[in-house]
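Close look at the chain arrangement
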Amino acid sequence: MDKMSYTEKFNLKSRLVELIILFFAITLGFLVDNYRESLSEKNNAKELLSSMSTDLKEDLKRFETFSNIRKNLISSVNDFIDDVEKRGLLKNDLYQQQLFSLAIFNWTYFKPNTANIEQVISSGALRYLGNDELINQIGVLEAQNISLNDRQEREQEFFLNYLQPLMHKYYNFKWLNSNYVRKWESFPEAFKKLSKVNVENANYMLWDNSIDLKTKIINLFENYVFILRSSYLTTYAEYLGEINNTIKIIDSNLEPDKYNVNSQETPENQQASENN
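Here the structure is a predicted model, which means the values were calculated and not measured.

1. Some words on the overall build of the chain
Secondary structure summary: the chain contains nine helices and zero strands in total. For the chain, the α and β elements follow one another from N to C terminus as α-α-α-α-α-α-α-α-α. For the chain, the proportion of its 276 residues judged to be buried stands at 34%. In the chain, the proportion of contacts linking residues at least 24 apart, taken out of those at least 6 apart, comes to 80%. Summing over all exposed atoms, the chain offers an accessible surface of approximately 17,800 Å²; the carbon and sulfur share of this is 53%.

2. Structural notes on the side chain of aspartate 55
Mapped onto the secondary structure, aspartate 55 falls in helix α1 (residues 6–87). In this structure, aspartate 55 is buried with no salt-bridge partner, the nearest side chain bearing the opposite charge being arginine 62 at 8.4 Å.

3. As for empty space enclosed by the protein
Evaluated as defined, the whole model comprises one cavity of 30 Å³ or more. Of the volumes computed, that of the largest cavity is approximately 60 Å³. Lining of the largest cavity is provided by Met52, Asp55, Leu56, Asp59, Pro112, Asn113, Asn116, Ile117, Leu141, Asn145 and Tyr239. Every element with two or more residues in the lining of the largest cavity is listed here: α1, α3 (115–122) and α4 (132–170). For the lining of the largest cavity, the leading source of residues is α1, giving four residues. The residue makeup of the lining of the largest cavity, split by class, is six nonpolar, three polar and two charged.

4. Things to note about a nonpolar patch on the surface
A surface patch of nonpolar side chains, about 750 Å² in accessible area, is lined by Leu16, Leu19, Ile20, Leu22, Phe23, Phe24 and Ile26. In this structure, isoleucine 26 sits in helix α1. With relative accessibility at 55%, the residue isoleucine 26 sits in the exposed group.

5. A few points about the packing of aromatic side chains
Taken as a whole and assessed by the stated rule, the structure comprises 25 aromatic pairs. Ring plane angle 10° and centroid distance 6.0 Å describe the contact between phenylalanine 187 and phenylalanine 191, whose orientation is recorded as stacked. A residue pair is termed a helical-turn pair when its members lie 3 or 4 positions apart in one helix, as phenylalanine 187 and phenylalanine 191 do in helix α6 (residues 187–192) at four residues. Judged by relative accessible area, phenylalanine 187 falls into the partly exposed class, the value being 29%. Aromatic rings pair up to connect Phe80, Phe100, Phe105, Tyr170, Tyr171, Phe173, Tyr180, Phe187, Phe191, Trp207 and Phe221 into one cluster.

Parameters at a glance
- Residues numbered from 1 in each chain as written.
- Predicted model: local features only at pLDDT ≥ 70, side-chain atom pairs only at ≥ 80, totals over all residues.
- Heavy atoms only, no water.
- Helix = DSSP H or I, 4+ residues; strand = E, 2+ residues; numbered from the N terminus.
- Buried < 20%, exposed > 50% of the residue type's maximum accessible area, 1.4 Å probe, protein only.
- Contact = heavy atoms within 4.5 Å.
- Areas by Shrake-Rupley, 256 points an atom, 1.4 Å probe, with all protein chains shown as cover.
- Lys, Arg positive; Asp, Glu negative; His and termini not counted.
- Salt bridge = Lys/Arg side-chain N within 4 Å of Asp/Glu carboxyl O.
- 1 Å grid on protein atoms, 1.4 Å probe; cavity = no way out; pocket = protein on both sides within 12 Å on 5 of 7 lines; lining within 4 Å.
- Points joined across faces, edges and corners; volume = space filled by probe spheres on them.
- Nonpolar A, V, L, I, M, F, W, Y, C, P; charged D, E, K, R; others polar.
- Patch = residues over 30% accessible without salt bridge, like charges linked within 9 Å, V, L, I, M, F, W, Y side chains within 5 Å.
- Phe/Tyr/Trp six-rings, centres within 6.5 Å; stacked < 30°, edge-to-face > 60°.

Right, here's the structure in full:
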């Protein structure tokens, strides 16, 4: 076999070097793309966390309003129970009709904003968070949201199956509808004008004052306030605790991002400003 010339050897080495350089270039490009993708996913995850924190803070405000309405509802139901126990079931009494209305028309429910937490979980962003405590807390909060919805479904089931039929059977809608439906007035406006519409104060309610019916209605509303009060004990207090805990953990994870090289408000700048 003929020996390879110097030129051929040089060309072979040159090609080998080119292949090695090409290999490293492709590998480096692949690593850079992976890094960019990972960095982009981490940034997206943090944006979702920031949005999630905002949602939770808004939920806290909404839940405070909901909680106040619920406490007023429990108070209204107790007022109705006390009045029926004292005076019995009255057909022609505006005051008792108003107590019944406040007890039965003011049922509300709270629905948490879960769009961002569901997106955090479904998008796989959890793997980019790099914080086991935060990952675990998001799972705890998701479980708490499910528990909250289940509890309110139970409340709604009781309301629809027991209280609404009671309202349909015994509440005389004629007087309210005179302005609320026929004149298209708001519910509060129509409610205030009941005595003007029903000048004879007759048949506000369609029940009879029997001991058996009185006992059943009182017990039904006692069961109602028991369920509403138990919701705070079994679900609502824990839900509020987990929301506050999640906000605290999220905000502590987002805190370092407030200071970056492009920001004018770095810790050093802040310290200098405070010293000045």
